[in-house]
Amino acid sequence: MRLVSVIKRPVAQLLLTVLLFCGIAADAQENSPYSRYGWGNLVPSTPIATRGMGGIGIGYVDYDPRYDFKFQYPKSQTVNFLNPASYSRLKITSFDLGFDVENQILRERNVTEKYKATYANVSYIQLGVPLSRKRNIAMVFGLRPISRINYNIRNYTRELNPVTGNSIDSTLTIYEGTGGSYQAYGGLGKAFGKLSLGLNGGYFFGTKDFSTKKNFINDSVLYYKGNYQTKINFGGLFLQTGAQFSTKIGSSTRLVLGATASFKKDFNAKKNLVRETFEYDGSGGIVTKDSVYEEKDVAGKVTFPGTYGAGFTIEKEERWMIGADYTIGNWDDFRVYGQKDSVASNWKLKVGGQFVPNAFGANYWGRVTYRLGFNYGPDYIRYNNEELKQYTVSLGFGLPVRPARFSNQYSNINLGFEFGRRGNNNTALKENLFRLS
């Protein structure tokens, strides 16, 4: 009985902490002004298991060759959608659900006040199924967000007559935006000896709804408010390819080299334009007074860039692993209806590792996987041609869950803690972010 208690109690306590933290996020709302540009803020594109290692994944595969071709694979496996070549090593049907809770602190240059928000998001949901353990073929289905758009900025100012320079009236300008992008995907991986190849394909879609509303503040003259709104939807098929090469560099040490590529693609889009005057009703809704200009379902293209990456991991069986990734995104190619946005090509370096004190010991915390990592590189978004440096430091844990007797089912709880920063004291805005995944 004591052994059962030692195994269950830490997991129960950590789960309770996560649930309580998620409850705090219920009433808050993300507000990131930088998400106005491009197609919003890019969300982490790695499974939770590797976020504690700085987000590496191109050379990562959760697989132990010692248990190959045996009747039972005696532990859970992480589905690594970052490199579909890793699917080929799936030996058990694996269901993986990820979510995160984020705390954001936004500071404006030369302003003492700061904006805080806490909010929760689903990271991904996916299912991996081995089609043939002997022939190393497996497939994966999943859905995950790629980017998020969410901002609400209010600006009070005094308008001036452009001819005389005299003051006219005070105005309130509200900049708002919502939306994001998502991928519904299916993937296939196949190993040919030491070489694994894979691809993800599916439907890539998204929306961007942004507006500028202006209100003249005047006690004696009634002005209608103005609304300048654009909404764009896009969708289409996408393809991502990946490769991994695995080889032993010692009796129990393995090297895995990986590469991934997603190619530049034009997606069909539709755009709605509204230019109108309006007033608010009693519940805060918009009542149109005069529709000055309107267009619906304007056809066009949204061009997303190609992204490429390479990475590696070196792993000691049941003991430790280290790795690194390097990725580049050709965001100079990004276009919305042929127009370039405030974005630029970028790169990112990720480094991390993990350690297991005693994978088969009696002590529960000795069987826990401890992870550490960081990543660094400029954001793809540019504001006034400012390069926004980004970095994230991370810490993670892999918590094994005791399987039910005779069930042949294995579970693992992966936790990732990340602290990140975008911009610095010299940029217009600086964002600090804490994320629990």
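(A) Geometry of the overall build of the protein chain. Helix and strand counts for the protein chain stand at three helices and 18 strands. Overall size of the protein chain, expressed as C-alpha extent along the three principal axes, is 85 × 45 × 40 Å. Of all 437 residues assigned to the protein chain, the portion counted as buried reaches 48%. Sequence-distant contacts, at least 24 apart, represent 66% of the contacts inside the protein chain between residues at least 6 apart. Summed over all atoms, the accessible surface of the protein chain reaches about 21800 Å², with 57% contributed by carbon and sulfur. The averaged location of the 35 negative side-chain charges in the protein chain is 12 Å from the averaged location of its 54 positive side-chain charges.

(B) Summary view of the confidence of the model for the protein chain. For the protein chain, per-residue confidence averages 87 on the pLDDT scale, and 92% of positions sit at 70 or higher. Contacts for the low-pLDDT stretch residues 1-8, under 50 throughout, to residues beyond four places or in other chains number seven contacts. This model gives residues 13-27 a pLDDT under 50, and the stretch forms 16 contacts once residues within four places in sequence are excluded.

(C) Molecular detail of the environment of asparagine 424. Counting through the fold element by element, asparagine 424 comes out in the loop between strand S17 (411-422) and strand S18 (429-436). A relative accessible area of 34% means that asparagine 424 is categorised as partly exposed. Between the C-alpha atoms of asparagine 424 and valine 351, which are 73 residues apart in sequence, the distance is 22 Å.

(D) Structural context of the nonpolar core. Residues Trp39, Phe234, Val302, Phe304 and Phe334 are the most contacted members of the largest nonpolar core, which totals 33 residues. Ranked by the residues each element gives to this core, the list is headed by strand S4 (residues 137-160), at five residues. Counting six residues, the second-largest nonpolar core is a separate cluster that includes Tyr63, Tyr67, Tyr73 and Ile92.

(E) Geometry of the pattern of salt bridges. Within this structure, the stated rule accounts for 22 salt bridges. With a closest N to O distance of 3.1 Å, arginine 435 and glutamate 102 form a salt bridge. You can see arginine 435 sitting in strand S18 and its partner glutamate 102 sitting in strand S2 (residues 94-108), a full 333 residues away along the chain. The buried category is assigned to arginine 435, whose relative accessible area is 11%. The structure contains a network of salt bridges with shared partners spanning Glu30, Glu102, Arg148, Glu418 and Arg435.

(F) Focus on the packing of aromatic side chains. Applying the stated rule across the entire model yields 25 aromatic pairs. Here the aromatic rings of tryptophan 331 and tyrosine 380 are separated by 4.1 Å at their centres, their planes lie at 35°, and the arrangement is tilted. One end of the pair, tryptophan 331, is in the loop between strand S12 (320-329) and strand S13 (335-336); the other, tyrosine 380, is in strand S15 (residues 369-383), with 49 residues separating them in the sequence. Accessibility assignment for this pair places tryptophan 331 and tyrosine 380 in one class, buried. Here a set of aromatic residues connected by ring pairs shows up, and it is made of Trp39, Phe204, Phe234, Phe238, Phe267, Phe304, Trp331, Phe334 and Tyr380. Against the face of tyrosine 337 rests lysine 271, its NZ or CZ located 4.2 Å from the ring centre. Sitting over the face of the ring of tyrosine 228, arginine 275 holds its NZ or CZ atom 3.4 Å from the ring centroid.

Conventions used here
- Residues numbered from 1 in each chain as written.
- Predicted model: local features only at pLDDT ≥ 70, side-chain atom pairs only at ≥ 80, totals over all residues.
- Heavy atoms only, no water.
- Helix = DSSP H or I, 4+ residues; strand = E, 2+ residues; numbered from the N terminus.
- Buried < 20%, exposed > 50% of the residue type's maximum accessible area, 1.4 Å probe, protein only.
- Contact = heavy atoms within 4.5 Å.
- Areas by Shrake-Rupley, 256 points an atom, 1.4 Å probe, with all protein chains shown as cover.
- Lys, Arg positive; Asp, Glu negative; His and termini not counted.
- Charge placed at Lys NZ, Arg CZ, Asp CG, Glu CD.
- pLDDT = per-residue confidence, 0-100.
- Core = buried A, V, L, I, M, F, W, Y, C linked by side-chain atoms within 4.5 Å.
- Salt bridge = Lys/Arg side-chain N within 4 Å of Asp/Glu carboxyl O.
- Phe/Tyr/Trp six-rings, centres within 6.5 Å; stacked < 30°, edge-to-face > 60°.
- Lys NZ or Arg CZ within 6 Å of the ring centre and 35° of its normal.

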